[in-house]
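Remarks on the overall topology
Below, each chain spelled out in residue letters.
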4 protein chains.
Amino acid sequence: MRIGIMTSGGDCPGLNAVIRGAVLGGIKRHGDEFVGFKDGWKGVTEGEIIDLPRQSVRGISKQGGTILGTSRVNPYDGPLGGPEHISEVLKENSVDALMVIGGEGTLAGAKRLADAGLPIVGVPKTIDNDLNGTDYTFGFDTAVQIGTEAIDRLRTTGESHHRVMVAEVMGRHVGWIALHAGMAAGAHAILIPEVSVTADDIVQWVEEAFDRGRAPLVVVAEGFLLDGSDEAYSHLGLDEAGRPRLGGVGEVVARLVQERTGLETRCTTLGYIQRGGVPSAYDRVLATRLGMAAAEAAHDHAWGQMVALRGTELHRVPFSAALQSLKKVPQSRYDEAAILFG
Amino acid sequence: MRIGIMTSGGDCPGLNAVIRGAVLGGIKRHGDEFVGFKDGWKGVTEGEIIDLPRQSVRGISKQGGTILGTSRVNPYDGPLGGPEHISEVLKENSVDALMVIGGEGTLAGAKRLADAGLPIVGVPKTIDNDLNGTDYTFGFDTAVQIGTEAIDRLRTTGESHHRVMVAEVMGRHVGWIALHAGMAAGAHAILIPEVSVTADDIVQWVEEAFDRGRAPLVVVAEGFLLDGSDEAYSHLGLDEAGRPRLGGVGEVVARLVQERTGLETRCTTLGYIQRGGVPSAYDRVLATRLGMAAAEAAHDHAWGQMVALRGTELHRVPFSAALQSLKKVPQSRYDEAAILFG
Amino acid sequence: MRIGIMTSGGDCPGLNAVIRGAVLGGIKRHGDEFVGFKDGWKGVTEGEIIDLPRQSVRGISKQGGTILGTSRVNPYDGPLGGPEHISEVLKENSVDALMVIGGEGTLAGAKRLADAGLPIVGVPKTIDNDLNGTDYTFGFDTAVQIGTEAIDRLRTTGESHHRVMVAEVMGRHVGWIALHAGMAAGAHAILIPEVSVTADDIVQWVEEAFDRGRAPLVVVAEGFLLDGSDEAYSHLGLDEAGRPRLGGVGEVVARLVQERTGLETRCTTLGYIQRGGVPSAYDRVLATRLGMAAAEAAHDHAWGQMVALRGTELHRVPFSAALQSLKKVPQSRYDEAAILFG
Amino acid sequence: MRIGIMTSGGDCPGLNAVIRGAVLGGIKRHGDEFVGFKDGWKGVTEGEIIDLPRQSVRGISKQGGTILGTSRVNPYDGPLGGPEHISEVLKENSVDALMVIGGEGTLAGAKRLADAGLPIVGVPKTIDNDLNGTDYTFGFDTAVQIGTEAIDRLRTTGESHHRVMVAEVMGRHVGWIALHAGMAAGAHAILIPEVSVTADDIVQWVEEAFDRGRAPLVVVAEGFLLDGSDEAYSHLGLDEAGRPRLGGVGEVVARLVQERTGLETRCTTLGYIQRGGVPSAYDRVLATRLGMAAAEAAHDHAWGQMVALRGTELHRVPFSAALQSLKKVPQSRYDEAAILFG
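Here's what I pulled together on the structure shown here. Quick caveat: nothing in here was measured; it's all calculated off a predicted structure. (Residues numbered from 1 in each chain as written. Chains lettered and ligands numbered in written order. Predicted model: local features only at pLDDT ≥ 70, side-chain atom pairs only at ≥ 80, totals over all residues. Heavy atoms only, no water.)

**Here's the deal with the packing of helix H6 (residues 176-185) of chain A against helix H11 (residues 331-338) of chain A**
Each pair of packed helices can be described by the angle between their axes along with the distance between the axes. All names here are of chain A. For the pair H6 and H11, the least separation of the axes is 11 Å and the interaxial angle reads 25 degrees. The angle between H6 and H11 places the two elements in the roughly parallel class. Note that H6 runs across H11; the crossing there is left-handed. Counting all contacts with H6, which are made through Trp 176, Leu 179, His 180 and Met 183, the residues of H11 involved are Arg 333, Tyr 334, Glu 336 and Ala 337. For the contact of H6 with H11, the residue count by class is 5 nonpolar, 1 polar and 2 charged. (Axes fitted to C-alpha atoms, helices over the stretch in contact; angles between N-to-C directions. Helix = DSSP H or I, 4+ residues; strand = E, 2+ residues; numbered from the N terminus. Parallel < 35°, antiparallel > 145°, perpendicular 65-115°, else oblique. Left-handed = near helix turned anticlockwise from the far one by under 90°. Contact = heavy atoms within 4.5 Å. Nonpolar A, V, L, I, M, F, W, Y, C, P; charged D, E, K, R; others polar.)

In structure tokens:
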């Protein structure tokens, strides 16, 4: 079998381990051949292809990023988009199956193509852990670990200067990274997109912690929206939709806390360091297994399905299972964490 | 409610996060009081007790080890052992519930005491991940991460010197750490107690890797037993039972590989660095949640039960669920990893 | 002898190791007593003092921040400032010597007080490595290491997305952190306050790297000023003085690069994570030795002097040696690094 | 100019950064050509050579080990050894200068060859920091950092179990790694080859620390020799020369401490993890600068000289400066550290 692999959307620690797992697994179990499409759907639609012999994946499972490159191109865009042309590209290159490694947008495109009859299997990828149908996605553990280590560092500065420290972590639509990194780092408040929290709540948590002699730590997901009158916070830099006009929401929360509590407050936005670099052992194992399982799925002609983690075992689920809705932090998990606030 | 906590057996990253989770959770939800018994069952039987007010658990979730100390004392040993005396100790100290954090041996003792009517809840603890009834135990992720980082370092030495590198990791009865760290580090052979492997197998994997230009990497769990005639390997340092007479099995495997392949081979035994120090974010989150859940279990008088992880959620299971047998690496998981050997 | 210690200015990895070195050294060599003034000059002027017995410094050399707290208070400000009052505070508390751990501003205050006859010795402290009279200061190595690890992570994202990555590191007046972290991480351009660089230079380095197939990496110190007409860059967010109006200079450089090259460019500002958390082994050793040497300096009544590193040995230099001018990156060191640009 | 590079002896973090610094520096400043000899003197004598174009050193400064391979072959051994043959190899390959990166043995060979007229420049390399003529060598900082992090981990286990922990670190002839890692980790005793210490001394330090409620930590260099009657310790595993018969000296010290103090004692031998893997930022900067400086030295025909660090600047010193004697830990540095023992 000749299997094409592509990686699409934002980069994520573990992508290379998936590629290696798939290539080694397919070669050693079935004598497969592998090729890679460059830069996501762009390479698929334009037929930009490279060979992936065994030696090409040597030692890559601990490398961040993706050796195939990535982009945010949509497979239905432009004259080269759509199932007919992509099907032709696969045929021209004698590719029997396409392994798509990507997040919600990528898998949505893959689903449409698979529904149109293309031989596609998927591997779910999201740093934010916001895909349904799987317990965890690779990259998330690394992001949480990097975030936690960084926040550990911020705390000693907060304590030495008796300051409030605000750390903004990734999570545009869901708060999983904030929830886990905040819990691991012992945050006094965690602010996530899923849960409505008022300025008064935040101030109370911060002041409680300060009154006990702590340097308050607030972990906020980039997609958090401050609840309440938008006008009330416009001088802090929020627009009419409650979104920060400049910088991130972490800066806004820091200004709010400083204004309301009188405590010196500093914000650090962790940014891209959360998504690059050496993957954690957890992510390397998960990604390697997913890659191997996806190659098996191709052999089983499990088109339209992606491999997923449930408990400790891998399963196959239809793309649709991942696409019905974002996997949000449930209120029960937030309430559990909130017991430790303040 | 007044809850006593004890930690028993080998130390494990995350113990302090469990203690903090329990104490903060119990205080904030129910206004509980907490005390700690020092050094495991020793403190329980001898009534050595310290107060655990809120400030005593401040900032400890990222500290390795246990602030309560630990020991390998059995609760049924000596004149102070057994349910009657321990029950008296609890009463004298007005302790309404005993939270036992420990591994197989500890939980076995806890089960006997709970069966005798003592108010005991449990938190499973094992670096080796060998307890049934739970998907993972805290400490395991940290051990795998430390092991993987160390093995990553060994590889560059192997490659520069064209040597075989053998890394011995923890795992007396089960090979989970070896399986995960070996998979994460891209080992060419993983040797675990559960799976019989001959010297010929090992030699073949090593030579295959070497012939492809790699510096072969062998990861071996400390409890691995070399298959085959014991006499055949006695000159390598194995006794009649096939166990190493001196040093660990890693050294024996290294001598075997060097003798059989003629390749320069070096062994590194990672030892205690795998079980101490700052826990990973994964383990801090899991341990914090388990501690909170165990305090709830005490409030629900869930005596004889321990808290456990299934998928992403916590459950309660009877002690017996964890004690029927060790959770071994199933053959299917070994076979999956073995595809990548050689 | 009874020695008072204070830490002042921004926190810095290694402060606690200095305190521990001084306390243990003084106690074990001379049977000294130690006290700490809280929050820098604030505690000195207000007489806020705590005992520092041996057990108070237990295990702190690997803790970031300072157990004494810090502030940016000036010893000459307000009614409690000035040598007469401070001298009285020392006498009232039977403090025979004051050990001042701080940077340029702190040492300037200490010099004035020492010139006025107060028994003061100093330990130079700056993350930025901008103090003369010493080869290196503790905290700098940790900041460079943290910066390098973070930039290593950024690179894999840049490479996967074919983007330019800009990393803004600390260094308001000097570029030592940018120079070292940039060199360690293999930056294609390093921008520092000391060296005038035009937009054309930056664009050329970025394009050269991109044309060779690399994801260009630019490391910029927060104090870098873009050379050339200010008006030309006002749309990028520079004010009339050439300083960024909002956010940091990294964002400005990123906007400039993207505008001029057409390449997608992203900026990450590392911020406070560079100055908190566990110090590197290098900094722990240096800080411990400096603390011990400062206690000896107090015993030798070396008032008005600070301990300093030259090569591998510690020396004493007058405060003035550190205060004549900032230790800037010499042109020769920049030229050496610039050979690797592009 | 066409410059050949070789790396010889034990691998060391930073070797690749030296190679990259030399290659990029030479190409960009002078348009040089570079080749590499494989596996140390073996490749030089056998003429095994590879091209080192610019792209071959891409991204390697953060890789441990050496892309050229290494061996312990002596340039005067065998029929291919000696200056005549090596000179011929250089000529045949049009190599104008040979850059030798190695430790004492390697540099001794290089000196003999340079004295015989060969165009050789050197870069000092030793993890152990035992070369004279330079303040520090690259690799040492990384080894100390890895050792310190590992020992930090051991401490929490010692404290939880009230055990003595012994850590054996590298250092066959000198104790620099033990001195620095021990000081950074807060060891209660540091044992090094240069300083005679009796069993009574060790026992006293251990018991003092234990009596203060600490878990004693002993850091011992692999080359440490226990002082006193050899017979007295033969049951601990010492031979007549006072060297351990099996395992390392760490094990012997652990048995001694346990026997004499009755305290449970465990030894961990860090082994090869100290010399592999990602170099610290400090070592990457130092190694890059040394590589660039060595290429300049070749251009200046500074034959028979090596580049070296003094303070913050690089210099050239004759090979002989590094070879007169090992750079041992001076008694004053040991005494300074010993103040903190016990």
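**Here's the deal with the interface of chain C and chain D**
Tallying the contact residues gives 43 residues for chain C and 43 residues for chain D. Carbon and sulfur atoms make up 54% of the area that chain C and chain D hide from each other, which totals about 3,900 Å². Per-residue buried area on chain C facing chain D is highest for C:Arg58, C:Ile339 and C:Leu340; these three make up 15% of the total on that side. Across the chain C-chain D interface, the total number found is 4 salt bridges. The shortest N-O distance in the salt bridge between C:Asp152 and D:Arg284 comes to 2.8 Å. Elements that contribute at least two residues to the side of chain C that touches chain D include exactly helix H1 (15-30), helix H5 (140-161), helix H6 (176-185), helix H9 (281-299), strand S11 (313-318) and helix H11 (331-338) of chain C. (Buried area = accessible area lost by both parts, 1.4 Å probe. Salt bridge = Lys/Arg side-chain N within 4 Å of Asp/Glu carboxyl O.)

**Some details on the relation of the copies chain D and chain B**
When chain D is fitted to chain B, the residual RMSD is 0.0 Å, and the transformation amounts to a turn of 180 degrees plus an axial shift of 0.0 Å. Here the two chains are linked by the operation of a two-fold rotation axis. Comparing interface residues between copies, 100% of those in chain D also lie at the interface in chain B; the contact surface is shared. (Least-squares fit on C-alpha atoms with pLDDT ≥ 70 in both.)

**Some thoughts on the relation of the copies chain C and chain D**
Take chain C, turn it by 180 degrees, move it 0.0 Å along the axis, and it overlays chain D with an RMSD of 0.0 Å. In this assembly the copies share their binding face: 100% of the residues contributing to the interface of chain C also contribute to that of chain D.

**Comments concerning the arrangement of the chains**
Without any contact between them, chain B and chain C keep their closest C-alpha atoms 11 Å apart. Chain D makes no contact with chain A, the minimum C-alpha separation between the two being 11 Å.

**Here's the deal with the pattern of salt bridges**
Residues and elements named next belong to chain D. Following the criterion strictly, the structure yields 53 salt bridges over all chains and no others. A salt bridge links Glu 33 to Arg 2; its shortest N-O distance comes to 2.8 Å. Linking Glu 33 in strand S2 (residues 33-37) with Arg 2 in strand S1 (residues 2-7), this pair joins segments that are 31 residues apart in sequence. Among the residues examined, Glu 33 registers a relative accessible area of 47% and is labelled partly exposed. Among the ionic pairs, Glu 222 bridges to Arg 172, the shortest N-O distance being 3.7 Å. Linking Glu 222 in the loop between strand S8 (217-221) and helix H8 (249-261) with Arg 172 in the loop between strand S6 (164-169) and helix H6 (176-185), this pair joins segments that are 50 residues apart in sequence. Residue Glu 222 is classed as partly exposed on the basis of its relative accessible area of 28%. (Buried < 20%, exposed > 50% of the residue type's maximum accessible area, 1.4 Å probe, protein only.)

**Overview of empty space enclosed by the protein**
Scanning all chains against the criterion turns up 11 cavities of 30 Å³ or more. Of the pockets and cavities examined, the largest cavity occupies roughly 190 Å³. As for the largest cavity, its lining consists of 15 residues, of which A:Tyr136, A:Phe140, A:His180, B:Tyr282 and B:Val285 are closest to the centre. Of all the secondary structure elements, the ones that give two or more residues to the lining of the largest cavity are helix H5 (140-161) and helix H9 (281-299) of chain A together with helix H9 (281-299) of chain B. With 5 residues, H9(B) is the largest single contributor of residues to the lining of the largest cavity. Residue composition of the lining of the largest cavity, by class: 9 nonpolar, 3 polar and 3 charged. (1 Å grid on protein atoms, 1.4 Å probe; cavity = no way out; pocket = protein on both sides within 12 Å on 5 of 7 lines; lining within 4 Å. Points joined across faces, edges and corners; volume = space filled by probe spheres on them.)

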